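Chain residues, written in single-letter form:
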Amino acid sequence: MDEDITGARLVAESLLAQRVEYMFGVVGVPIIEVAMAAQAVGIKYVGMRNEQAACYAASAIGYLTGRPGACLVVSGPGLIHALGGMANANENCWPVVVIGGSSDRNQETTGAFQEFPQVETCRLYSKFSARPSSLEAIPSVIEKAVRTSMYGRPGACYVDIAGDMVNARVNRSNIRVVSCCPPPPISMAESGAVTQALSVLKASNRPLIIIGKGAAFAQAETVLREFVETSGLPFLPTPMGKGVLPDDHPNCVAAARSRALLQADVILLLGARLNWILHFGQPPRFDPNVKIIQVDLCPEEMGNNVRPTVALLGDISAVVSQLLQNLKKNGWKYSPGTEWWSSLHSKIAANFKISQSLALHSTLPMNYYTVFHHISELLPHDCIIVSEGANTMDIGRTMLKNYLPRHRLDAGTFGTMGVGLGFAIAAAVMEKSKVNGQRVICVEGDSAFGFSGMEAETMCRYNLPIIIIVVNNNGIYSGVDPETWKEMAKLGDLTTIAPPVTLLPEARYDNVMAAFGGRGFLVRTVEELRSALELSLSDWEKPCLLNVLIDPSSDRKQQEFPWLTRSNL
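**Q** Give a detailed account of unusual backbone geometry, specifying residues and quantitative values.
**A** Cis geometry marks the peptide bond from Pro283 to Pro284, where omega comes out at 10 degrees. Summarising the element assignment, Pro284 is placed in the loop between β11 (266-270) and β12 (291-296). The residue after Leu364, namely Pro365, is reached through a cis peptide bond having omega 0 degrees. As for its position among the elements, Pro365 is in the loop between α13 (339-359) and α14 (368-378). Phi at Arg19 takes a positive value of approximately 60 degrees, unusual for a residue other than glycine. Inspection of the secondary structure assignment puts Arg19 in the loop between α1 (7-17) and β2 (22-25). For Arg19, a relative accessible area of 47% corresponds to the partly exposed category. Residue Gln219 is not a glycine yet carries a positive backbone phi of 55 degrees. Summarising the element assignment, Gln219 is placed in the loop between α9 (213-217) and α10 (221-231).

Encoded structure:
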């Protein structure tokens, strides 16, 4: 076709050709036209309030759909703000493609507006970082960025678009058509290793399956459920492995996490890493003689911190299918009447009794357990739960159940605070496009909400079906009550007196949402909590925020081991 096309239009068409459906960003010079072109070709564009949140949202789309979202940022500071999201995507192994505008090519090294070594910088935060050498090269570079973001261990990729390329024109006849890259090829484990893995499992007395978010990303839920129910093995999900199999599945032992990890003699590790979340696989959290059967897509992950007894390299879904086929051939099943199952069930019952006792406290202000108990009773089973914060996320992980795969998003491997609202926006935009979309419930600590609080305006602007529940304890980990705050203020300069963990007592986060046109609720009692949540769940017309005031000294129940247990590493 003999017509000219701008660089902006070429970027948009190239993304669409690679089946990139969603773009999140903050526009400005020089990439405004790229956002407009993306909308013109049919890509859904969501304008955010901060590039970091935009990158969080785009990466969450990559996790939820398997295809990367695009994050569009301006040059210099805009790109630097997005680096946090790129690092988080890499650590979480989520595909995302960042498109960054940059200085005009003829102004390089001259001190141009927002000039910065963007391609070089992004190499530390991405799997691939490049600037197309010409307009004609844009489709090929974008195809490689999308492909690289998904293939192998997923992660972030960066494409730099110089300012003078955005409105420059090229004739279509000079552009080589680049076809859409297919989904990643499926790899399978070596058959002898599969046989060995089942032999180790059958010889164990206290077996355990750990289901990681890698299994969720691989969409392994159907075959994994059949494997668990055929084998009779207990399983423990990691935080974002929740929902791959339902939390109420009879084989789920999440409520006996510490005992399961400490006493298991054989662990089948499915798409999870033995990093800080799993205490490095080391004592005192694990048996020093535990045998690990490690299933992972990434060869470099094999043997990190603990050398596996059996290493199964391949796609999680494909490898579990191999294990299931071999299991069916010999008909073995782990007995439900073992001492191991009895021990796990007794621990589950004991922990439930403690949590239930805390949840039924009737004193005011409420504690975490009371709040989560009543939230859990009202949430629909098909909602997507986004959670971040310290105690808010940790307690919510145990008390808010997930029943469907890829329906929990949290701070993840990088432990990143501030991801919640970006994740919620991504999930809500995706759900809103469906005929029977699901509600998105974003459960935030008050500190975590503050990182991206202005994204409440984004939610209202796009009228997204999001309910934010801010569990407000007036601080980071813990805060102080209003009276104590007033007494401290009388003593002098709060910068030298107020504990560093404190935030403004009883801050009106509900008014923030109301100011943008959403619905805000101030909640102090169980009755107010239930009423506000029921109203919010019935209202699909606007975003809602529940500002739930709890006891500033409320804490988790006593833990045998904290998350960051010292290991023998």
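**Q** So what's going on with the packing of aromatic side chains? Which residues, and what values?
**A** The geometry of two aromatic rings is summed up by the distance between their centres and the angle between their planes. Using the criterion set out here, one finds four aromatic pairs in the structure. Aromatic pair Tyr56 and Phe423: ring centres 6.3 Å apart, planes at 75 degrees, arrangement edge-to-face. Taken as a pair, Tyr56 in helix α3 (residues 51-65) and Phe423 in helix α16 (residues 420-432) lie far apart in primary sequence, 367 residues in all. Relative to Trp94, the ring of Tyr63 lies with its centre 4.7 Å away and its plane at 15 degrees, an arrangement referred to as stacked. Taken together, the positions of Tyr63 in helix α3 and Trp94 in the loop between α4 (77-92) and β5 (96-102) put the pair 31 residues apart, joining distant regions of the chain. In this structure Tyr63 comes out as buried when scored by relative accessible area, which is 1%. Take Trp94: its relative accessible area is 1%, and that puts it in the buried class.

**Q** Hey, could you go over the sheet that holds strand β20 (residues 519-523) for me, with residue numbers and the actual values?
**A** One open sheet accounts for six strands, arranged β15-β14-β16-β17-β21-β20; its pairing is parallel. Looking at the sheet topology across the chains shown, the edges are occupied by β15 (408-409) and β20. Taken together, the five bridges between β20 and strand β21 (residues 544-549) define a ladder with parallel strand orientation. Residue pairing across strands places Gly520 opposite Leu545, the latter belonging to β21. In this fold α16 packs onto β14 (384-388), β15, β16 (440-445) and β17 (466-472), with an angle of close to 175 degrees to the strand it touches most, β16.

**Q** With reference to specific residues and values, describe the pattern of salt bridges.
**A** All told, the structure shown has 22 salt bridges when counted by the stated rule. Across the pair Arg147 and Glu143 runs a salt bridge, and its minimum N-O distance is 2.9 Å. Taken as a pair, Arg147 and Glu143 lie in helix α6 (residues 138-150) at a separation of four residues, close to a single helical turn. Residue class for Arg147 comes out partly exposed when judged on its relative accessible area of 28%. Note on Glu143: relative accessible area 11%, which makes it buried. Across the pair Arg530 and Glu377 runs a salt bridge, and its minimum N-O distance is 2.8 Å. Linking Arg530 in helix α22 (residues 526-538) with Glu377 in helix α14, this pair joins segments that are 153 residues apart in sequence. Connected through shared salt-bridge partners, Glu3, Arg9, Glu13 and Arg172 make up one network.

Each value, and the rule that gives it
Residues numbered from 1 in each chain as written. Predicted model: local features only at pLDDT ≥ 70, side-chain atom pairs only at ≥ 80, totals over all residues. Heavy atoms only, no water. Helix = DSSP H or I, 4+ residues; strand = E, 2+ residues; numbered from the N terminus. Buried < 20%, exposed > 50% of the residue type's maximum accessible area, 1.4 Å probe, protein only. Phe/Tyr/Trp six-rings, centres within 6.5 Å; stacked < 30°, edge-to-face > 60°. Pairing = 2+ DSSP bridges. Contact = heavy atoms within 4.5 Å. Axes fitted to C-alpha atoms, helices over the stretch in contact; angles between N-to-C directions. Salt bridge = Lys/Arg side-chain N within 4 Å of Asp/Glu carboxyl O.

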